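Letter by letter, the chains look like this.
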Amino acid sequence: MNIFIYGIALAALGMSAQASTAAIKALRLQAGEPSAQIDGRLDEAAWRRAPLFDQFVQFQPQDQRPARWRTTVQVLVSEDALVFGIRAYDPAPELIRAPLSRRDKVWRDQDFVGVVLDPVGQRRSAQFARISAAGVIADGLFSADDDSEDFAPDFDLQAAVQMLPDGYSVELRWPLAALRFPYADGAPWLLMVTRNTPRESSRLDVSAPLSKDSLSFIAELQPLEGLGDLVEQVRARSFLSIRPELTARKERQSDPLGSSQQRELSLGMELKWRPRADWVIDATFNPDFSQVELDTPQLAGNTRFALSVQEKRSFFLESTDVVGQSQSDGDQEQPSLAAFYSRAITDPDWGLRATWRGAAAEATVLSLHDAGGGEIRRASAYGTQSYTQSKGSRASFARTRLQLAPAGQALGLPAGLAT
């Protein structure tokens, strides 16, 4: 058993910007009142009543300057989702860059709007979603510890874009079931809306007074007002998702005596249960990980360079910010040292994990049995090493993170246990 104590991470303690940050106000819809249809048009009656926020400022290339073009955001709150309506005005809409791309491939060379949401209210981590002008979604988690984005987690979001003569508009539906927040004593929900405009230079506008001197990209998130008693109403609501898997394979083998075919059926299941807002239980049984997104290829003549592949298996993606499961970015670079390297798990027979998020602490624990087989790749300083996982193994991991300072200040104690 190896015990890892990562020590106390102490950063400069500054005054919280929460008091001086203008809030974004949402419209709480009444029970039974129709919400917006997600078509990007913003033409429902609810949008005409919703408060409008347009105090965007520039963050890049020069921070805290007036935004070049107008951007507005409105928020609707229904019984089961937050709905964002964003209007991006542009005097030259023919220059909008809206290429089609795969999910999570929305980069700074494209026009997009983004929503950064922290329902825990501590500014330590936040869920985010980008929607390009072509309607492509890129989502994930942002961690303040290493000021990095992790595009591996995917949330059950719905978005639509409408191109207009003076820009484009976006509607984004964010189900409450996809949010993680404390059951009690939680801080106000925090939010920031972003807009990227690549022209002669790439411009990034934000709704919060973010500066380049901020401790992280999410250090100045602004309050989301108008939720009312939403948290009290939905915090005890339970959500259960069960996804069965059935994979059929046929393999043809040839030899001097002829050819033969082998057929194989693989039955598995993945379960996600949120008994209440602060607990998430994940279970997997005989998962077929060949059905997830393909790993990043590596050229045969380039093996002396270290390679890190992004984790896309859903069982390992809950609470990656708590685990310290650092993910590679678009350039396949690791922003920090991973406390848990999930890619060493090749073929689990079963796995079980639980994640808890409180107002001042988070914790996660997982245990699984790996049948082995296949190849493991570990990136080192001077190359990528390959190993054969020839035997089965049992793996368990636990980690907790305590918040020892008020929201907006950085003082934490992470600790982990692995077997």
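Look up: the structure comes first, before these words.
Residues numbered from 1 in each chain as written. Predicted model: local features only at pLDDT ≥ 70, side-chain atom pairs only at ≥ 80, totals over all residues. Heavy atoms only, no water.

1. Re the overall build of the protein chain
Turning to step 1, where the next piece is worked out: In terms of regular secondary structure, the protein chain is built from three helices and 26 strands.
Turning to step 2, where the next piece is worked out: Here the protein chain holds 419 residues, and the buried ones make up 48% of them.
Turning to step 3, where the next piece is worked out: When the accessible surface of the protein chain is split by element, carbon and sulfur atoms take 53% of a total near 20300 Å². (Helix = DSSP H or I, 4+ residues; strand = E, 2+ residues; numbered from the N terminus. Buried < 20%, exposed > 50% of the residue type's maximum accessible area, 1.4 Å probe, protein only. Areas by Shrake-Rupley, 256 points an atom, 1.4 Å probe, with all protein chains shown as cover.)

2. Topic: the environment of Ser 132
Turning to step 1, where the next piece is worked out: Counting through the fold element by element, Ser 132 comes out in strand 10 (residues 125–132).
Turning to step 2, where the next piece is worked out: In this structure, the C-alpha to C-alpha distance between Ser 132 and Leu 100, residues 32 residues apart in sequence, is 8.9 Å.
Turning to step 3, where the next piece is worked out: Dropping the residues within four chain positions of it, Ser 132 is found in contact with Val 106, Gln 110, Asp 111, Phe 112 and Val 161. (Contact = heavy atoms within 4.5 Å.)

3. Some words on the nonpolar core
Turning to step 1, where the next piece is worked out: In terms of nonpolar packing, the biggest core is built from 39 residues, with Leu 82 and Trp 174 touching the most fellow members.
Turning to step 2, where the next piece is worked out: If sequence neighbours within four positions are ignored, Leu 82 has contacts with Leu 76, Val 77, Leu 117, Leu 172, Arg 173, Trp 174, Leu 176, Leu 179, Trp 189, Leu 224, Leu 227 and Leu 230. (Core = buried A, V, L, I, M, F, W, Y, C linked by side-chain atoms within 4.5 Å.)

4. Some points on unusual backbone geometry
Turning to step 1, where the next piece is worked out: Residue Gln 60 is joined to Pro 61 through a cis peptide bond whose omega torsion reads 10 degrees.
Turning to step 2, where the next piece is worked out: Structurally, the position occupied by Pro 61 is in the loop between strand 5 (57–60) and strand 6 (65–66).
Turning to step 3, where the next piece is worked out: Despite not being glycine, Leu 42 shows a phi value in the positive range, around 55 degrees.
Turning to step 4, where the next piece is worked out: Along the chain, Leu 42 turns up in the loop between strand 4 (27–28) and helix 1 (45–49).
Turning to step 5, where the next piece is worked out: Even without being glycine, Arg 123 reaches a positive phi, approximately 60 degrees.

5. Points about the sheet that holds strand 8 (residues 81–89)
Turning to step 1, where the next piece is worked out: Taken in spatial order, the five strands make up an open sheet running 4-7-8-14-13, and their pairing is mixed. Edge strands, defined here as strands with exactly one partner in the open sheet, are strand 4 and strand 13 (158–164).
Turning to step 2, where the next piece is worked out: Where strand 7 (residues 71–77) lies against strand 8, seven bridges are found, and the strand directions are antiparallel. Residue pairing across strands places Val 77 opposite Leu 82, the latter belonging to strand 8. (Pairing = 2+ DSSP bridges.)

6. Overview of the environment of Glu 251
Turning to step 1, where the next piece is worked out: With respect to the helices, strands and loops of the structure, Glu 251 is situated in strand 18 (residues 239–255).
Turning to step 2, where the next piece is worked out: Taking relative accessible area as the criterion, Glu 251 reaches 44% and is therefore assigned partly exposed.
Turning to step 3, where the next piece is worked out: The residues contacting Glu 251, other than those within four sequence positions of it, are Ser 260, Gln 261 and Gln 262.

7. Section: the side chain of Asn 196
Turning to step 1, where the next piece is worked out: If you trace the backbone, Asn 196 turns up in strand 15 (residues 190–198).
Turning to step 2, where the next piece is worked out: Within polar-contact distance, the side chain of Asn 196 engages the side chain of Ser 202 at 3.3 Å.
Turning to step 3, where the next piece is worked out: Beyond its immediate chain neighbours, meaning those up to four positions away, Asn 196 contacts Trp 107, Arg 108, Gln 110, Asp 111, Phe 112, Ser 202, Arg 203 and Leu 204. (Polar contact = N/O pair within 3.5 Å; in protein donor to acceptor, adjacent residues only side chain to side chain.)

8. Details of the packing of aromatic side chains
Turning to step 1, where the next piece is worked out: Applying the stated criterion to the full structure yields eight aromatic pairs.
Turning to step 2, where the next piece is worked out: Ring plane angle 55 degrees and centroid distance 5.1 Å describe the contact between Phe 181 and Trp 189, whose orientation is recorded as tilted.
Turning to step 3, where the next piece is worked out: For Trp 189, a relative accessible area of 4% translates into the label buried.
Turning to step 4, where the next piece is worked out: Among the aromatic residues, ring-to-ring pairing joins Phe 59, Phe 142 and Phe 217 into one connected group.
Turning to step 5, where the next piece is worked out: In this structure, Arg 87 is placed above the aromatic ring of Tyr 89, and the distance from its NZ or CZ to the ring centre is 4.1 Å. (Phe/Tyr/Trp six-rings, centres within 6.5 Å; stacked < 30°, edge-to-face > 60°. Lys NZ or Arg CZ within 6 Å of the ring centre and 35° of its normal.)

9. Some remarks on the pattern of salt bridges
Turning to step 1, where the next piece is worked out: Under the definition given, this model contains 20 salt bridges.
Turning to step 2, where the next piece is worked out: With a closest N to O distance of 2.5 Å, Arg 199 and Asp 90 form a salt bridge. Of this pair, Arg 199 sits in the loop between strand 15 and strand 16 (202–206) while Asp 90 is found in the loop between strand 8 and strand 9 (112–118), placing the two residues 109 residues apart along the sequence.
Turning to step 3, where the next piece is worked out: Residue Arg 199 is classed as buried on the basis of its relative accessible area, which comes to 13%.
Turning to step 4, where the next piece is worked out: A residue is classified by how much of its surface remains accessible, and Asp 90, at 3% relative accessible area, is buried.
Turning to step 5, where the next piece is worked out: Arg 401 is paired through a salt bridge with Asp 145; the nearest N and O atoms lie 3.1 Å apart. Of the two residues, Arg 401 is situated in strand 25 (residues 393–403) and Asp 145 in the loop between strand 11 (137–143) and strand 12 (148–150); the sequence distance between them amounts to 256 residues.
Turning to step 6, where the next piece is worked out: On the accessibility criterion, Arg 401 (2% relative accessible area) is buried.
Turning to step 7, where the next piece is worked out: Owing to a relative accessible area of 51%, Asp 145 belongs among the exposed residues under this scheme.
Turning to step 8, where the next piece is worked out: What you see here is one network of salt bridges that share partners, running through Arg 124, Asp 145, Glu 362 and Arg 401. (Salt bridge = Lys/Arg side-chain N within 4 Å of Asp/Glu carboxyl O.)

10. Structural notes on a nonpolar patch on the surface
Turning to step 1, where the next piece is worked out: Together, Leu 240, Ile 242 and Trp 273 make up a nonpolar patch on the protein surface, roughly 310 Å² of accessible area in all.
Turning to step 2, where the next piece is worked out: In this fold, Leu 240 is placed in strand 18.
Turning to step 3, where the next piece is worked out: What makes Leu 240 exposed here is its relative accessible area of 56%. (Patch = residues over 30% accessible without salt bridge, like charges linked within 9 Å, V, L, I, M, F, W, Y side chains within 5 Å.)

11. Focus on the pairing of strand 21 (residues 348–357)
Turning to step 1, where the next piece is worked out: As paired strands, strand 20 (residues 279–285) and strand 21 are joined by seven bridges and run antiparallel to one another. Considered in strand 21, the bridge of Ile 281 is made with Ala 354.
Turning to step 2, where the next piece is worked out: Where strand 21 and strand 22 (residues 361–370) come together, nine bridges link them in antiparallel fashion. Bridged to Arg 353 within strand 22 is Leu 366.
Turning to step 3, where the next piece is worked out: Taking the residues between adjacent antiparallel strands as the criterion, strand 21 and strand 22 are bridged by three residues.

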